[in-house]
Amino acid sequence: MLLRALTRRAVQPRLWFPVSEDKLLTQMNLTKDEVNRFVVDVLGWSHAKMDSFRPSLQGLNSLITSMLERVPFHNLTLLTRERRPPTPQEMKMDMMTGIGGPCAVVNSFFSIVLDLIGFGPSVYLLR
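Residues numbered from 1 in each chain as written. Predicted model: local features only at pLDDT ≥ 70, side-chain atom pairs only at ≥ 80, totals over all residues. Heavy atoms only, no water.

Remarks on the environment of Ser 20
Note on placement: Ser 20 falls in the loop between β1 (16–18) and α2 (23–26). Each C-alpha atom of the pair Ser 20 and Ile 112 lies 7.9 Å from the other, and the pair is 92 residues apart in sequence. If we ignore the near neighbours within four places in the chain, the residues touching Ser 20 are Thr 26 and Asp 115. (Helix = DSSP H or I, 4+ residues; strand = E, 2+ residues; numbered from the N terminus. Contact = heavy atoms within 4.5 Å.)

What about the packing of aromatic side chains?
One pair of aromatic rings is described through two measures. These are the centre distance and the angle between the planes. One pass over the structure, following the stated rule, counts three aromatic pairs. On the basis of an interplanar angle of 70° and a centroid distance of 4.9 Å, the ring pair of Phe 38 and Phe 109 is categorised as edge-to-face. With a gap of 71 residues between them, Phe 38 in helix α3 (residues 32–41) and Phe 109 in helix α8 (residues 103–119) connect regions that are remote in the sequence. Residue Phe 109 is classed as buried on the basis of its relative accessible area, which comes to 0%. On the basis of an interplanar angle of 55° and a centroid distance of 6.1 Å, the ring pair of Phe 53 and Phe 119 is categorised as tilted. Here the residue Phe 53 occupies a position in the loop between α4 (47–51) and α5 (57–70), and Phe 119 occupies one in helix α8, the gap between them amounting to 66 residues. (Phe/Tyr/Trp six-rings, centres within 6.5 Å; stacked < 30°, edge-to-face > 60°. Buried < 20%, exposed > 50% of the residue type's maximum accessible area, 1.4 Å probe, protein only.)

Notes on unusual backbone geometry
Although it is not a glycine, Asn 29 sits at a positive phi angle of roughly 50°. Relative to the elements of secondary structure, Asn 29 occurs in the loop between α2 and α3. Judged by its relative accessible area of 52%, Asn 29 is exposed.

Describing the pattern of salt bridges
Applying the stated criterion across every chain, the model contains one salt bridge. Here Lys 92 makes a salt bridge to Glu 34, at a shortest N to O gap of 3.0 Å. A residue pair is termed long-range when its members are at least 10 positions apart, and Lys 92 in helix α7 (residues 88–96) and Glu 34 in helix α3 qualify at 58 residues. (Salt bridge = Lys/Arg side-chain N within 4 Å of Asp/Glu carboxyl O.)

Focus: the packing of α7 against α8
Close contact between α7 and α8 brings their axes to 10 Å; oriented N to C, the two are set at 80°. In terms of their interaxial angle, α7 and α8 are classed as roughly perpendicular. Seen from α7, the contacting residues are Met 91, Lys 92, Met 95 and Met 96; seen from α8, they are Ala 104, Val 105, Val 106, Ser 108 and Phe 109. (Axes fitted to C-alpha atoms, helices over the stretch in contact; angles between N-to-C directions. Parallel < 35°, antiparallel > 145°, perpendicular 65-115°, else oblique.)

Side note on α5
A turn of α-helix holds 3.6 residues, and therefore any two residues three or four places apart point the same way. In a regular helix each residue adds 1.5 Å, so 14 residues correspond to 20 Å; α5 covers 20 Å between its end C-alpha atoms and thus fits that length. Among the residues of α5, those classed as buried are Gly 59, Leu 63, Ser 66 and Met 67. Here the buried residues of α5 occupy an arc of 100° about the axis, which is enough to place them on one side. Of the residues in α5, the exposed ones pointing more than 90 degrees away from the buried face are Leu 57, Gln 58, Leu 68 and Glu 69. Those residues of α5 that are buried lie in contact with α3, α7 and α8. (Expected span 1.5 Å × (residues − 1). Arc of directions from axis to C-beta.)

Structural data, given as structure tokens:
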């Protein structure tokens, strides 16, 4: 019985995968320089704070707080554009300009930011 349960687990599809393996997110072509510009310009961090940043729990909490305070969650972009999911480039532009968007846009972009800022490859997405 235990062998059967282990065998069933082995063939189940993988639910978690690294951000770098997501085809849609990699189409944003977000660079480390763009991430640094986003954190400084949109999240309001100083250049000195960004230059001295090292991944840590405290740093992660600071990034999350900045995202929640400065990047709005909303669905206005979905209502003002044609009825379709946003393209990766639209998602990137909305976030780089601080417009924000629905949770899928904000969270997807933030996962790339975390990956490129040094939290990867331990940033995973759920399918």
